[in-house]
Structure formats: structure tokens, C-alpha cells
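Per-entry structural report
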Amino acid sequence: MPSSPNLIPTHSIYLSKSTNPYFNLSLEDWLFRHKAPNEPLLLLYRDDPCVVIGRNQNPWKEVNLPALRVREGVPFIRRRSGGGTVYHDLGNTNFSIHLPRTSFDRHMTAQVVLRAVCSLGIDATVNDRNDICVGKEKVSGSAYKIVSQRAYHHGTMLISTQLNTLGDLLHNTKDTMETKGVASVRSPVRNLQQFNRGVTHEAFVDAVVHEFSKEYGIRNVDGEVQIVSEASCRDIEYIQNGMSELPSWEWAYGQTPEFTYTVSQAFEWGTVTAKIRSKHGIILDCACSLSVADDSVSSMSAIQPGVVDSLNPQLKDIERALLNRRYGFVSAIEILKGLGINGMDDETGSGVRAAKDIALWLERIMNS
Amino acid sequence: MLSKQITAVARGKGVLGARTIHGGTALTMSRGWKTASANIKRAQFHSTNLLQAETVKVPQMAESITEGTLKSWSKQVGDSVAADEEVATIETDKIDVSVNAPSAGTIKELLANEEDTVAVGQDLFVFEPGEVSDSSPTPPPKEDSKEDKPKEEKSTEEKPKEDEPKKPEPSEKPAPPPPESKPPKKEAPKPAEPKSAAPVAGSRNETRVKMNRMRLRIAERLKESQNAAASLTTFNEIDMSSLMDMRKRYKDAVLKEHDVKLGFMSAFAKACSLALKEIPAANAYIDGDEIVYHDFVDLSVAVATPKGLVTPVVRNAEGMNFVEIEKEIAALGKKARDGKLTLEDMAGGTFTISNGGVFGSLYGTPIINLPQTAVLGMHAIKEKPVVVDGQIIIRPIMIVALTYDHRMLDGREAVTFLVRVKEYLEDPRKMLLA
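Treat the numbers as computed from the prediction; the structure is a model and nothing was measured. The residue numbers shown here count from 1 along each chain, following its written sequence. Lettering of chains starts at A and numbering of ligands starts at 1, both following the order in which they are written. With the structure being a predicted model, the display of local features is reserved for residues of pLDDT at least 70 and the display and counting of side-chain atom pairs for 80 or more, all residues being used for whole-chain, interface and lining totals. Excluded from the side-chain calculations are hydrogens and water; all other atoms, namely the structure's heavy atoms, are used.

Considerations on the overall build of chain B
What counts is decided by this rule: Each helix corresponds to a stretch of at least 4 residues labelled H or I by DSSP, and each strand to a stretch of at least 2 residues labelled E; elements are numbered beginning at the N terminus. Three exposure classes are used, based on accessible area relative to the maximum for each residue type with a 1.4 Å probe and protein chains only: buried under 20%, partly exposed in between, and exposed over 50%. Residue contacts are defined here by distance: any two heavy atoms, one from each residue, within 4.5 Å place the two residues in contact.
What chain B contains, in helices and strands, is 13 helices and 18 strands. Relative to its full complement of 434 residues, chain B shows a buried share of 44%. Considering only contacts in chain B between residues 6 or more positions apart, those separated by 24 or more positions represent 65%.

As C-alpha cells, this is what we get:
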């Protein structure tokens, strides 16, 4: 069997057969960078379940990482365009319109997609954030990217997405995490199928292709539409590189703008407050302070007075152990090694126990 | 060869000694730092580079977007870049804007910090084009950029405001290199001084509110109008007694029969329509090198809404009677206040009437609504002593202003237009004879 010929970026309409989000985002970027700069291009694709954050966002602030970990095989991915956090699954269809930078008009591109939605019998509108809504609820979120000669407007379209999952995975209220990352603007969302049961991914795709072709004067639509498979891009290095860059720590976490997370935890022997400062995914510093509650000592039979005094220098060691480590990727065992404590089972002195409590707690909060 | 003056300026902050003048020959200047001898002092190194350095500015982002937040530097000072490689990322309004290197080269200086708000056209980084082999010049640029950074932080605040009205900065290559001469210059105006020690009574608080899109558009169009047209204003007074009398007599009947209030707008609209027939240039517009005359009068009526001033259009006002005009204006006013005006409602007027009088203004120079040629401003009616048939009596007087584009209308025509309007309004019966 002959292998699929390599994909070429000379057509105007691309429909991806793949549901691999890493592939689809890399395909989008490749088309973005290699299509003739003055020609319009449309790409439509669907992804397997994943959470997608904006280029300049903070995943620890935006994504419910513990909930995400529970769902096997659902990753979070940082995309290359700006904006906020969204959830993709097969009930969501993504559109991406690429245009020359000089004639890029977000409102016009939104109108193209709006017309497509309306043609499906849905009374949709565009709100003042350029998102498509039905009434007060969003059915689509948009984001954009501009480089030297090209620009794109891409977005989601909720057709039959699992909205409960969406709500769960995007639910994150870390009030004490102050971040310079771009914040998501949360809005209530609904599926198109809730307004018209007959709407499907195929129908939406046809409608968008039709409106796009009308708007940009594409004749011979059938000749322009290219169905893309992962196999046809196996030899395209740019796409392969993109697919390995996206899940890398450097991209997924290392692009996070600076943030400071202040958390407190009450233990039996007192309360520890940690203020962790991180930039580009690296811990810049961690300030830990300890306060003892007056009645805590009397409630504990095993704690010796003076254990708190032994804790303060240990806190300094813990702070040092975290320095320059990757935020969210430090285990309690690694922290304790910095204190000369090997493993969790070694030594049972109460001072050591407190240090272990703190290390475990720090590991946990950075993973939340 | 470069003149002594230019090299002196370029050296700017550099420490000059006799040795440097010898070391800094035309040869080294023209061939760049690569061939500079080891004897040349660091400051000279840096100033030599500036002669070849380019300042890259914040690019255009999307329509009507004027600023964004610099999110991250992808490259640092001393890094080499390929042509079109990303150097920085700016985010604004869900857009990720990539700032790319115009050609292959080295980053010399970063002119803004991460998280700064940067404006379109603002200087963003300095880079030296050309293939780079080694990284030895890193120490000097870093030192200078550290000095420049605190100054630049202050000037970054000034820059967004200053760069807007100024046209694109002069190009980098010729004489005084921008980055070098700019920081000292900007120090002089308002540096962000720390609070003075003397206690001050009262709040010193500032509140910043982002301009909404409507206001930004209005601001843009007003400036366009001022720049394009040769605007001047002519005034006149109107004795409103006859019109007020007419209104008093018939307003109740009109309200009962047609369910609309009989105001003065309809009279003004009618008077203007008739006067425009006589002075067609006031109802025309310039298109390139042609003047386009209209057979119809589409009257833009200025309406104040909570969001700002809008001018919906009454189409074919020349064919409407008083009642029809009032009805149309009332309907448009309601749409405006409900925020339901469409672009079609507001496009294509041929003449504008603006009523500042409802707010109490006495005199005023309205601004032309491009691409129209003239605008009539109505003001408040005040009882004034006037002379009629040799007697001093009290009459209600309104001052009207006509701002017109002198490219289209001469003084004679503008004054005649306004006089006609005055005559029609002082004796409405004349409108029946026109």
C-alpha cells in the first residue's frame, strides 16, 4: 500500500480527521506559518477530551489539576493563541480562520461563524467580547494570534459537550494565588443541541465551510477542501516537532508568568504559612513562617516543648530545598532529603514528624 | 565618512579621552564593532553599535486596539535571533501578538519590562542586524541597558501618551540614534517623582478608566474632521418669537392629532432643507478631486445618549412636513437611548443639526461631521433687548452657529445660508413661499 502523500499548505479549507489535540494544534500552526500570507484559510477539527489554556495563562490558577489527574488520559494543553481556558471533547468543534494580518478583522470573522450558526436555525448573536452566544449563554469562545504577516481567529463551538465535565475541570478558586497570568472570563455555557436537537458536528462544519467560501470568494469548494490525516503529516518535521513541544514541561509549565501562592495549614503543633513565588514554572523563593496556637500544646501528649524551636531552622532548610525546583514537581521525599531525612519511615522524633508533615503538605498544595 | 558631529552625538554618554578619538576611526565606525581594536573603550563600543542598531516598535495589533501587556521576552540581551524569530509576546484582548525580529541579528537592549503596558508604535527593543559570531560585546550592552532601564521605566509611562499624536519616529540610520538621545530628553519633562515630604490636604488619588470603544471612535473621527476640513464658524441671531408663538398655538393640537411633540427641531430642519436648496454646496461633499451634490437632504440629528453622542439620520427631510420630521426624530431618539441604533441609521447624512441649547449653551462652535460640509449648532433661547422699528423691546433670541468647510463653501455662501435659515425661522410663512 502506498504511503499517504505529504500534505501541502496550498488549499483553502482543511478538515482534520484526527482527534489528537497535539496534532491538531501543530497542524494549525504549520498551516498558519506555511500558507501563502495573503490567502484566507479555514481549518476545522475536533479533539479528544482535554483542557486547553491560553498562551499566557497559569495552569495552577485556571485548571482543576486534581480533578484532571483523576480522569485518565485527559491532559491540559497550552495553546499558542491568547485568551482563556476551555474544555474540548468530541461534542465540541473547533474552527480556525487564517487571514493576512493587514486585513484581519475579528468582528468580520466572528460574523462568518455567526452566519453559519444562524443557518442551522439558531438565534445566535455576538457579544461584546466577540463570542457567539444564544441569549445570555456562550456557545463559543474565541482566541487570536497575530504574527508578522498572518493572523488567526480560532474558537470552540459547543454542540454536545459534556458540560458537567467542563464545569468540573475548569473549576478552580485559588483566591490566595496572585498571578500575572491572563485570567479567564467565566461565563455560563450551553450546547447548540440544547437549542436545536438536529445540530451535529457535520452540519456545523458544512455551514462554516459554506459561509467561509461565500465571504472569501472561494469557487470550487469541493476542490479546495482537504481532509487531513495524521499519516499525511508524518514526514512534516514542523508538525512532528510541534507535537513534542506542546506536552513538554518547558512549554506547558515553563511559559507560566510570575505568581505568588500564599497558603496556611494548621497542624497539631502549630500553623505554617508558606508564600511561594514562582516564575516560568520555577520556584524563585518560598517563605515559610510558623505560629503556635496557645492551646495546641496542651492537646498533644507526644509533642515536647521546644520542638517548635527546632522547627524554625528546619523551615529554612525546606525553603532552600525548594529553591529553583520546578513548581509542582517536587516530592516530599526530595524536600526531606534536603534536611538530611531519608525517606518517610526513617526516624520518628517529633521534630522530624513535623518536618515530614510540612513536606507532604507542600507537595500536595503544589499539585492542587 | 562620518562627521565629527555625528560621532560625538553617538558617543553621547561615553567617556571621551584623547585615546578614543584615535581609536575610533572612521574605519572602525564603518566596519562596526567586529573590527574594533581592543584599545577602544567600552562606551565607544556601545555607541558604535548604535549607529547600526535598529529600534523595533510595538506592531499594529488588531483594529482599534492601541495597547497590550508585554507578557514575556523570548530573547534576552545578547541573544542572537533569526529573521522573523519571535522576540516578545504581547497579549491584549485574547490576542497573542508576536513581535518578531525584522532580520537576523543580535538583541542589544530591551526597552520594556514584562507585564508593562505597551502601546502600538512604542519602542520595544534595540537590535543589531547582521550575522553574529561571538558574544563578547554582551557586557557593555548589559551595563548600559541597566542604566537605561530605570529611565526607560519612567519614560514608558510617558511614551504611550506621547507616541499617539506623533507620527512614526525618524528612521534609525541617520544621525542621532533614537534610543540614546531619547531617555535623557524624556527625563526633563515629568519624571515620576516620589511623593513630596510636605503634607497636602485633600485626596491626591487618581482614577484611571479605560476609554470605551465608542468614545475612542468618536475621538478618532473628531480629530479626523479637524484635520481634513478647513473649518470656521459663522454666527447669527434668530428672533424666535414668531416660531414660539406658532408652537404655542398648535402644539396641543399636534399632540392630540399626531401624538408627537411639536418642537423647534422640525422648523430648523425644514428651514435648513430650504436653505440647502439655495446653497447646494453646503449639502455636498468632497470625494477625491470631485464634489458630489445630493438632490436630497439626509439630516443627521445629534442625540446625546448615556454612552456618548450619536447622529441618527432623517432621510429625505426635504420632502417631510413638520409633523413627519418630529415623528422621525422622536423615533430615532428613542432607538438611540435604547441602544438599538444600527450603522445604517447613522450613516450617510448630508447635513447635521446639533442642539446644545437644551443644556443651556449660549455660543459655541460645533464640529463638522465628516464627510459633510457643514453643521448647524442651535443654542439656548434667551430673552434679550433688541431694536425693532426704532424701539427697544424684549425678544427671545437664539444664537446659531454654522461651522463650515471652507474648501467647499466661501464666506459669502456660508453667511447667506445662515441668513436664509434665520429669515425662514423669523417668519415661518416664508417657508411656504420658497
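Considering the pattern of salt bridges
Put simply, the rule reads: When a carboxyl oxygen of Asp or Glu is within 4 Å of a side-chain nitrogen of Lys or Arg, the pair counts as a salt bridge.
Enumeration over the complete set of coordinates arrives at 34 salt bridges over all chains. Residue Glu-114 of chain B pairs with Lys-279 of chain A through a salt bridge whose shortest N-O separation is 2.7 Å. With Glu-114 of chain B in the loop between β6 (105-110) and β7 (117-119) and Lys-279 of chain A in strand β15 (residues 270-279), this residue pair bridges two chains. In this structure Lys-279 of chain A comes out as partly exposed when scored by relative accessible area, which is 25%. Here Asp-317 of chain A ties to Arg-320 of chain A by a salt bridge, and the two come within 2.7 Å at their closest N and O atoms. Taken together, the residues Asp-317 of chain A and Arg-320 of chain A, both in helix α11 (residues 307-322) and 3 residues apart, mark about one turn of the helix. A relative accessible area of 55% places Arg-320 of chain A in the exposed class. Look at the salt bridges and you will find they share partners, linking Asp-29, Arg-33, Arg-80 and Glu-245 of chain A into a network.

Observations concerning a nonpolar patch on the surface
Residue and element names in this part refer to chain B. To be explicit about the condition: Within the patch definition used here, like charges are joined within 9 Å and nonpolar side chains (Val, Leu, Ile, Met, Phe, Trp, Tyr) within 5 Å, considering only residues with over 30% relative accessible area and no salt bridge. Per-residue and other accessible areas follow the Shrake-Rupley method at a 1.4 Å probe size, with only the shown protein chains counted as cover for residues.
A contiguous nonpolar surface patch, about 290 Å² in accessible area, is contributed by Phe-235, Leu-362 and Tyr-363. Relative to the elements of secondary structure, Leu-362 occurs in the loop between β16 (351-355) and β17 (374-388). Note on Leu-362: relative accessible area 34%, which makes it partly exposed.

A look at the nonpolar core
Filter applied, for reference: Think of a nonpolar core as a cluster: buried Ala, Val, Leu, Ile, Met, Phe, Trp, Tyr and Cys residues, connected wherever their side-chain atoms sit within 4.5 Å.
Of all hydrophobic cores here, the largest spans 58 residues; its most connected members are Leu-44, Met-157 and Phe-204 of chain A together with Trp-73, Ile-90, Leu-124 and Phe-125 of chain B. If one sorts the elements of this core by residue count, helix α6 (residues 201-215) of chain A sits on top with 6 residues.

Focus on the packing of helix α9 (residues 265-278) of chain B against helix α12 (residues 411-426) of chain B
All names here are of chain B. What counts, and what does not: Every axis in this analysis is a line fitted to C-alpha atoms, fitted for helices over the stretch in contact. Angles between the N-to-C directions lie between 0 and 180 degrees. When describing relative orientation, an angle under 35 degrees is termed roughly parallel and one over 145 degrees roughly antiparallel, while 65 to 115 degrees is termed roughly perpendicular and anything else oblique. Helix crossings are classified by the rotation of the near helix relative to the far one: an anticlockwise turn of less than a right angle makes the crossing left-handed, while a clockwise turn makes it right-handed.
Between α9 and α12, whose axes approach to 9 Å, the crossing angle comes to 135°. In terms of orientation, α9 and α12 fall into the oblique class. Helix-helix and strand crossings are classified by hand; for α9 and α12 the assignment is right-handed. Contact residues: α9 offers Ala-267, Phe-268, Ala-271, Cys-272, Leu-274, Ala-275, Leu-276 and Glu-278, while α12 offers Thr-416, Phe-417, Arg-420, Val-421, Tyr-424 and Leu-425.

Focus: the environment of Glu-237 of chain A
Summarising the element assignment, Glu-237 of chain A is placed in helix α8 (residues 237-245). Once the C-alpha coordinates of Glu-237 of chain A and Trp-30 of chain A are considered, the two residues, 207 residues apart in sequence, prove to be 9.8 Å apart.

Some points on the interface of chain A and chain B
Heads up, the rule is: Here the quantity called buried area is the accessible surface, traced with a 1.4 Å probe, that two parts lose on coming together, added over both. As used in this structure description, the phrase polar contact means that two N or O atoms lie within 3.5 Å; if the pair is within protein, one of them must be able to donate a hydrogen and the other to accept it, and residues adjacent in sequence are counted only when both atoms belong to side chains.
Across the contact, 25 residues belong to chain A and 22 residues belong to chain B. Note on chain A versus chain B: buried area summed over both sides is about 1900 Å², and carbon and sulfur give 39% of it. Between the two partners, chain A and chain B, sit 6 salt bridges. When the shortest N-O distance is used, the salt bridge between Lys-145 of chain A and Asp-96 of chain B registers 2.7 Å. Taken together, the connections running from chain A to chain B amount to 17 residue pairs in polar contact (both at pLDDT 80 or more). Going through the elements one at a time, α4 (106-118) and β10 (142-146) of chain A are the ones with two or more residues in the side of chain A that touches chain B. Ranked by the residues each element gives to the side of chain A that touches chain B, the list is headed by β10 of chain A, at 5 residues.

Examining the side chain of Asp-29 of chain A
Residue and element names in this part refer to chain A. Relative to the assigned elements, Asp-29 resides in helix α1 (residues 21-34). A distance of 2.8 Å separates a polar atom in the side chain of Asp-29 from a polar atom in the side chain of Tyr-238. Non-local contacts of Asp-29, meaning those with residues more than four positions away in its chain, are made with Arg-80 and Tyr-238.

Concerning the confidence of the model for chain A
Residue and element names in this part refer to chain A. The condition is simple: As a per-residue measure, pLDDT reflects the predictor's confidence and takes values from 0 up to 100.
Counting all residues, the mean pLDDT for chain A is 88, and 92% of those residues have values of 70 or more. Mean pLDDT in chain A bottoms out at helix α10 (residues 296-299), which sits at 41, and peaks at strand β2 (residues 41-45), which reaches 97. Segment residues 295-304: pLDDT under 50, and 7 contacts once partners within four positions in sequence are set aside and those in other chains are kept.

Focus: the sheet that holds β6 of chain B
Residues and elements named next belong to chain B. Heads up, the rule is: Whether two strands pair depends on DSSP finding at least two bridges between them.
Here 4 strands make up an open sheet; going across it, the order is β1-β8-β6-β3 and the pairing antiparallel. The two strands at the open ends of the sheet, each matched to only one other strand, are β1 (54-57) and β3 (80-81). Summarising the sheet, β3 and β6 pair through 2 bridges and their orientation is antiparallel. Its bridge partner being in β6, Val-81 is matched across the sheet by Gly-105.

Considering the packing of aromatic side chains
Residues and elements named next belong to chain A. Put simply, the rule is: Centres within 6.5 Å are what make two rings of Phe, Tyr or Trp a pair, Trp counting through its six-membered ring; a difference in plane orientation under 30 degrees is then read as stacked, over 60 as edge-to-face, and the rest as tilted.
By the definition in use, this model includes 14 aromatic pairs over all chains. Taking the centre distance of 6.4 Å and the plane angle of 65° together, the rings of Phe-104 and Tyr-144 count as edge-to-face. In this pair, Phe-104 sits in the loop between β6 (92-100) and α4 while Tyr-144 sits in strand β10, placing the two residues 40 residues apart along the sequence. Phe-104 sits in the buried class, given a relative accessible area of 6%. Classification of Tyr-144 by relative accessible area gives buried; the value is 0%. Plain terms: the ring middles of Tyr-253 and Phe-329 are 5.0 Å apart, the flat faces sit at 85° to each other, and that makes the pair edge-to-face. Taken together, the residues span a long stretch of sequence, with Tyr-253 in the loop between α9 (249-252) and β14 (259-267) and Phe-329 in the loop between α11 and α12 (332-337) at a distance of 76 residues. Judged by relative accessible area, which is 17%, Tyr-253 ranks as buried.

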